[in-house]
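# Notes for the structure review
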Amino acid sequence: MQFLFKTAYTDDIRFLARTGEKIRVALVVILLLAAPFMLQDYYLAELGLLLVYAIAGIGLMTLTGHTGLVSFGHAAFLGIGAYTHSILLSKGVPFTISLLITVSFSAAVGMLIGRSASKMFGFYMAIATLAFGILIETVFGEWSSLTGGHQGLAVPDLIVFGLPLAKAWQQYYLDLVLTLLVIWGASNLFRTPTGRSFLAVRDSELSARCLGVNVEWAKIQAFGVSAAITGLAGALLAHHLSYLVPEVFGVLESLKLMLMIVVGGMGSILGAVFGAIFVSILPVALSFLKDVLPASIGQTAGLEPLLFGLIIVIVIVFEPLGIYGRWMKLRFFFESFPYYRKSSYVRQKSYLKTDRMR
Amino acid sequence: MSVAKTLSVRNLSIEFGGVHAVEDISFDVAPGETFAIIGPNGAGKSTIFNLISRLYTPTAGTMHYGEQDLLRLPAHKIVHAGIGRTFQNIELFEHATVLQNLMVGRHSHMRANPFLNFAFLPGVRKSEIEHRRKVEDIIDFLEIAQYREQKISDLSYGARKNVELARALCTEPTLLLLDEPASGLNNEETDDVSFWLDDIKHDLGITIVMVEHDMNLVGQVADRVMAINNGRLLAIGTPDEVRNDVEVQRAYLGVAA
Ligand SMILES: Nc1ncnc2c1ncn2[C@@H]1O[C@H](COP(=O)(O)OP(=O)(O)OP(=O)(O)O)[C@@H](O)[C@H]1O
Ligand SMILES: [Mg+2]
């Protein structure tokens with residue numbers, strides 16, 4: 001263990017205080033930058049996709065892991081991002097402007113949802129966000145004049161500043177730059193008042209309020225930031241899919257996002273990245289499993305969602321400390337349903353007293 | 001720093017489904033005074049704090065802090081009026097560090113703009129460092145430097161109490177509401193609390209309203225005491241006057257003995 005001598009307040013603000021951390025992060029960034037020289041196009045595209053999911057994971061993490069608000073319909077924002085961006089591109093809007101509009105629009109929808117959701121607790125919010133997800137998927141399917149409906153929508157080619165990025169490595173670098181930007185920005189958010197107010201709302205709405213945090217507004221902001229980041233991931237995802245159909249942004253995808261952050265570890269940006277790695281490896285493990293299992297089980301439709309659900313349940317139940325296991329507030333939501341608001345006022349932290357006995 | 005004002009509560013009442021938790025209570029707390037509220041369990045002491053904090057809205061009565069009508073403020077604006085508080089059950093941000101907790105204590109003095117924060121512009125950095133310095137003063141004052149980087153969930157009960165007091169001080173209050181600052185503490189820790197309360201009063205000039213069961217501590221630090229039972233006022237006066245009040249002895253000390 002390294003002992004840190006802090007000599008200035010700026011030492012606290014720095015992200016990477018320890019030398020070991022600095023070296024590790026530098027190594028990962030170098031590896032990511034060098035990836036195009038080492039990987040074939042197929043794997044490079046997969047890596048790019050992983051980065052896109054890491055962005056989406058950070059989006060949901062901001063909401064669920066950092067602010068303690070559940071969303072079981074977050075794929076809707078992925079879809080809103082993908083469709084808005086593709087539609088704008090096909091109308092001839094340049095890439096950067098389209099991306100800006102897409103992110104702003106996602107944020108606006110997120111804040112609208114946040115406005116209603118900020119008045120709900122635990123279970124109700126879970127149901128409401130799930131319903132929102134299903135609604136948006138239906139809209140993608142039915143509004144065929146705009147979205148191409150179930151026929152699908154072709155995603156225009158990737159052209160940035162008039163420069164066609166047709167090669168796998170070019171798209172990969174675009175994904176990488178935006179991923180690093182999101183990680184940097186999200187980390188900034190959580191070392192400044194906005195992010196701290198999110199953490200405060202997660203851990204104690206009561207004292208957050210008494211310290212001057214407008215709890216409702218903080219929740220709306222958290223939904224906005226989360227939706228903006230997830231919408232950005234959606235726009236990048238569109239270029240990987242090259243063809244959009246509503247089913248891609250359904251309940252299963254929302255479940256996958258939830259799985260990512262639960263397995264990765266609640267309440268940390270790194271957890272979202274771990275989660276993205278996990279869900280990227282999962283299909284490989286799954287296809288392997290399908291071969292091993294007897295055909296009657298292995299070929300059953302719905303094995304994937306079942307497994308997703310199962311892993312989420314197992315992780316929640318056993319709460320592994322190893323991977324940033326911080327499920328506390330969320331668990332409290334469900335445990336205390338539907339009395340959350342009331343019980344948060346009465347004596348419940350009796351463990352504090354027994355703490356004295358040890 | 002702004003100066004302390006008079007807290008005046010008039011005919012304050014609140015009901016919870018027919019239970020009169022607080023009924024027709026009036027009192028004034030002068031600037032710089034240390035005012036204690038005592039009473040048996042369930043008397044309505046914490047409820048008075050929650051009313052002043054605007055977490056509850058009274059069914060009747062008024063509350064003013066100086067010229068400011070507290071009923072006109074939402075809960076999150078109370079701190080801007082200069083009123084800080086702690087909670088009976090300790091409401092810290094469990095999964096954040098001590099420093100993060102204290103920095104949330106500075107929230108009412110900082111600007112929280114998501115765009116500026118996301119980009120961490122130079123102005124944001126400057127403000128972080130400036131407020132970090134203020135936090136450091138409080139850390140020194142309450143001698144909690146050794147916990148700075150620790151998660152609240154890793155702290156002992158006594159340390160948590162100190163951190164919560166520190167966080168309330170970080171808001172730069174002129175009136176501090178302390179809900180049982182010494183409950184669950186051992187004698188030594190209680191002595192520390194008494195010492196700090198003295199400093200908070202004399203060095204920082206902060207008005208203190210505290211709920212406390214420990215009559216020794218109350219006798220040591222309080223200028224005046226208000227005793228309540230079943231939401232009703234029993235007596236108000238110096239610690240000795242209240243201690244010797246017949247009603248109080250029957251309701252409160254009788255129960256405690
Ligand atoms: N949110 C609430 N809903 C319903 N009843 C409440 C609520 N808050 C307080 N009460 C009731 O009001 C009464 C006074 O409670 P309060 O917490 O103010 O007591 P107290 O004097 O602080 O007691 P203690 O010494 O145990 O802390 C109790 O009967 C309590 O059950
Ligand atoms: Mg109480």
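Everything discussed here concerns the structure shown above.
My aim in this report is to walk through the structure given alongside it, one point at a time.

Quick notes on the rules
- Residues numbered from 1 in each chain as written.
- Chains lettered and ligands numbered in written order.
- Predicted model: local features only at pLDDT ≥ 70, side-chain atom pairs only at ≥ 80, totals over all residues.
- Heavy atoms only, no water.
- Donors = N, O, S within 2.8 Å, 3.2 Å for Na, K, Ca; no water.
- Helix = DSSP H or I, 4+ residues; strand = E, 2+ residues; numbered from the N terminus.
- Buried < 20%, exposed > 50% of the residue type's maximum accessible area, 1.4 Å probe, protein only.
- Pairing = 2+ DSSP bridges.
- Contact = heavy atoms within 4.5 Å.
- Buried area = accessible area lost by both parts, 1.4 Å probe.
- Salt bridge = Lys/Arg side-chain N within 4 Å of Asp/Glu carboxyl O.
- Polar contact = N/O pair within 3.5 Å; in protein donor to acceptor, adjacent residues only side chain to side chain.
- Nonpolar A, V, L, I, M, F, W, Y, C, P; charged D, E, K, R; others polar.
- Patch = residues over 30% accessible without salt bridge, like charges linked within 9 Å, V, L, I, M, F, W, Y side chains within 5 Å.
- Areas by Shrake-Rupley, 256 points an atom, 1.4 Å probe, with all protein chains shown as cover.
- Lys, Arg positive; Asp, Glu negative; His and termini not counted.
- Charge placed at Lys NZ, Arg CZ, Asp CG, Glu CD.
- Near = heavy atom within 4 Å.
- 1 Å grid on protein atoms, 1.4 Å probe; cavity = no way out; pocket = protein on both sides within 12 Å on 5 of 7 lines; lining within 4 Å.
- Points joined across faces, edges and corners; volume = space filled by probe spheres on them.

What follows covers the coordination of the magnesium ion (ligand 2). Residues and elements named next belong to chain B. Looking at the magnesium ion (ligand 2), the protein donor atoms are Ser46 (OG) and Gln88 (OE1), and they sit 1.9 to 2.0 Å from it. On the criterion of sequence distance, the pair formed by serine 46 in helix H1 (residues 45-52) and glutamine 88 in the loop between strand E6 (83-85) and helix H2 (98-105) is long-range, its members being 42 residues apart. Classification of serine 46 as partly exposed rests on a relative accessible area of 22%.

All names here are of chain B. Of all the five residues making up strand E3 (residues 34-38), five are buried; the element is thus mostly covered by neighbouring parts of the structure. Neither face of E3 is left uncovered, since the one carrying Thr34, Ala36 and Ile38 and the one carrying Phe35 and Ile37 both have all their residues buried. In this sheet, strand E8 (residues 207-211) lies alongside E3 in parallel orientation, the contact comprising four bridges. Considered in E8, the bridge of alanine 36 is made with methionine 210. With four bridges joining them, E3 and strand E9 (residues 224-229) adopt parallel strand pairing. When the sheet's bridge partners are listed, isoleucine 38 is paired in E9 with alanine 227.

This next bit is on the interface of chain A and chain B. Taken together, the 46 residues of chain A in the interface contact 55 residues of chain B. In total, chain A and chain B occlude about 4400 Å² of area from one another, counting both sides; carbon and sulfur atoms represent 60% of this. The closest approach of N and O atoms between B:Glu128 and A:Arg196, which form a salt bridge, is 2.9 Å. Counting every contact that joins chain A to chain B gives seven residue pairs in polar contact (both at pLDDT 80 or more). Of all the secondary structure elements, the ones that give two or more residues to the side of chain A that touches chain B are helix H1 (10-13), helix H8 (168-189), helix H9 (193-203), helix H10 (205-210) and helix H18 (351-354) of chain A. Among the elements that make up the side of chain A that touches chain B, the one with the highest residue count is H9(A) (eight residues). Classifying every residue of the side of chain A that touches chain B gives 21 nonpolar, twelve polar and 13 charged.

Quick look at a nonpolar patch on the surface now. All names here are of chain A. A surface patch of nonpolar side chains, amounting to about 730 Å² of accessible area, comprises Leu31, Phe37, Met38, Leu39, Tyr42 and Tyr43. Examining the composition of the nonpolar patch, we find that three residues originate from one element, helix H2 (residues 19-38), more than from any other. Along the polypeptide, leucine 31 turns up in helix H2.

Further remarks concern a negative patch on the surface. Residues and elements named next belong to chain B. Judged by side-chain charge, Asp137, Asp140, Glu143, Glu188, Asp191 and Asp192 come together as a negatively charged surface patch. Sorting the residues of the negative patch by element identifies helix H4 (122-142) and helix H6 (187-202) as the ones contributing at least two each. Broken down by element, the residue count for the negative patch peaks at three residues, all from H6. Here aspartate 191 is to be found in helix H6. Residue aspartate 191 is classed as partly exposed on the basis of its relative accessible area, which comes to 49%.

With that settled, the discussion passes to the site of ligand 1. Around ligand 1, the structure places 14 residues, and the nearest of them are B:Gly42, B:Lys45, B:Ser46, B:Thr47 and B:Gln88. Near ligand 1, residues from chains A and B are present, making the site a shared one. In the model, an oxygen atom of ligand 1 is placed 2.5 Å from a nitrogen or oxygen of the B:Thr47 side chain. Compared with its free state, where it exposes 640 Å², ligand 1 has 69% of that area covered by protein. Of the residues forming the shell around ligand 1, the biggest block, three residues, is contributed by H1(B).

A separate point is empty space enclosed by the protein. All names here are of chain B. The tally for this structure, following the rule as stated, stands at four cavities of 30 Å³ or more. In terms of lining, the largest cavity is formed by Thr86, Phe87, Lys161, Asn162, Glu164, Leu165, Leu178, Asp179, Glu180, Pro181 and Val193. Put simply, the parts of the chain that give the lining of the largest cavity at least two residues each are helix H5 (157-170) and strand E7 (175-179). With four residues, H5 is the single largest residue contributor to the lining of the largest cavity. Here the lining of the largest cavity is composed, by residue class, of five nonpolar, two polar and four charged.

Geometric descriptors of this kind do not, in isolation, establish any biological role.
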